[in-house]
Amino acid sequence: MKMKKFGGTEKVVYDLVKPIADEQGYSIWDVSFEKEGAYWYLRVFIDHPDGIDIEDCEKMTRPVNAAVDAADPIAQAYVLEVGSAGLERELNQPWHFEETLGMEVRARAIRPIEGEKEWIGVLTAYDTEQITIQPEDREAPITLALRDLSYVRRYVTVEF
């Protein structure tokens with residue numbers, strides 16, 4: 001896994017929608033522009049300290065759609081989706097890791113490392129090359145190279 005670098009379209013859209021999100025009290029967690037099957041999807045993931053619900057997504061969709069349509073930075077047809085970053089959101093920007101320090105994360109390796117492929121623990125350190133997490137079932141923390149990981153996500157335990 002590498003830290004995400006916004007492509008040209010993602011950066012343009014981020015710059016267009018960030019002032020809208022700021023004005024409405026949201027933050028932009030991520031912007032992605034990707035092809036799935038025959039369709040292109042422009043996804044804007046928003047966040048708020050109190051969480052995100054469908055009304056928040058609807059409140060952002062209209063002005064985001066208007067701003068992107070007015071600027072017209074995308075040549076092909078696409079589907080716009082504005083949604084929550086989710087509880088178990090992927091960490092792919094340096095500030096995502098900074099914001100998540102001290103919280104539980106799930107890290108999954110591309111291939112097994114010392115016989116293990118997944119770890120859940122508290123994120124204790126990070127840099128652009130590696131992360132350190134403290135799993136509950138280990139005395140010592142484990143440091144993992146980002147290049148060996150397929151993803152790092154927040155981890156949320158739900159009790160019933």
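This structure is a prediction, so every number in the text was calculated from the model and none was measured.

Draft legend 1. Broad picture of the sheet that holds strand E3 (residues 79-84). If you trace the 3 strands from one edge of the open sheet to the other, you get E1-E2-E3, paired in mixed fashion. Both edges of this open sheet fall to strand E1 (27-36) and E3, since each of them pairs with a single strand only. Averaged over neighbouring strand pairs, the angle between their axes works out to 20° when direction is ignored. In terms of strand pairing, E1 meets strand E2 (residues 39-47) through 9 bridges, oriented antiparallel. By the bridge assignment, Glu 36 is partnered in E2 with Tyr 39. Each of E1 and E2 touches helix H1 (residues 8-24); the most contacted strand, E1, lies at about 145° to it. Strands E1, E2 and E3 of the sheet are contacted by helix H2 (residues 54-71), whose axis makes an angle of about 145° with E3.

Draft legend 2. Local environment of the sheet that holds strand E8 (residues 149-154). Within the open sheet, the 5 strands sit side by side as E7-E6-E5-E4-E8. Their pairing is antiparallel. Of all strands in the sheet, those with a lone pairing partner are strand E7 (142-145) and E8, marking the two edges. Neighbour-to-neighbour, the strand axes of the sheet open up by a mean angle of 40°, direction not taken into account. One ladder, built from 5 bridges, connects strand E5 (residues 116-126) with strand E6 (residues 130-135); its direction is antiparallel. Looking at the pairing, Leu 123 lines up with Ile 133 of E6.

Draft legend 3. Seen up close, unusual backbone geometry. Its identity as a non-glycine residue notwithstanding, Asp 72 has a phi of 50°, on the positive side. Along the chain, the position of Asp 72 falls in the loop between H2 and E3. You can call Asp 72 exposed: its relative accessible area is 56%. In this structure, Glu 114 takes a positive phi of about 50° despite not being glycine. In this structure, Glu 114 sits in the loop between strand E4 (104-113) and E5. Residue Glu 114 is classed as exposed on the basis of its relative accessible area of 76%.

The rules behind each value
- Residues numbered from 1 in each chain as written.
- Predicted model: local features only at pLDDT ≥ 70, side-chain atom pairs only at ≥ 80, totals over all residues.
- Heavy atoms only, no water.
- Pairing = 2+ DSSP bridges.
- Helix = DSSP H or I, 4+ residues; strand = E, 2+ residues; numbered from the N terminus.
- Axes fitted to C-alpha atoms, helices over the stretch in contact; angles between N-to-C directions.
- Contact = heavy atoms within 4.5 Å.
- Buried < 20%, exposed > 50% of the residue type's maximum accessible area, 1.4 Å probe, protein only.

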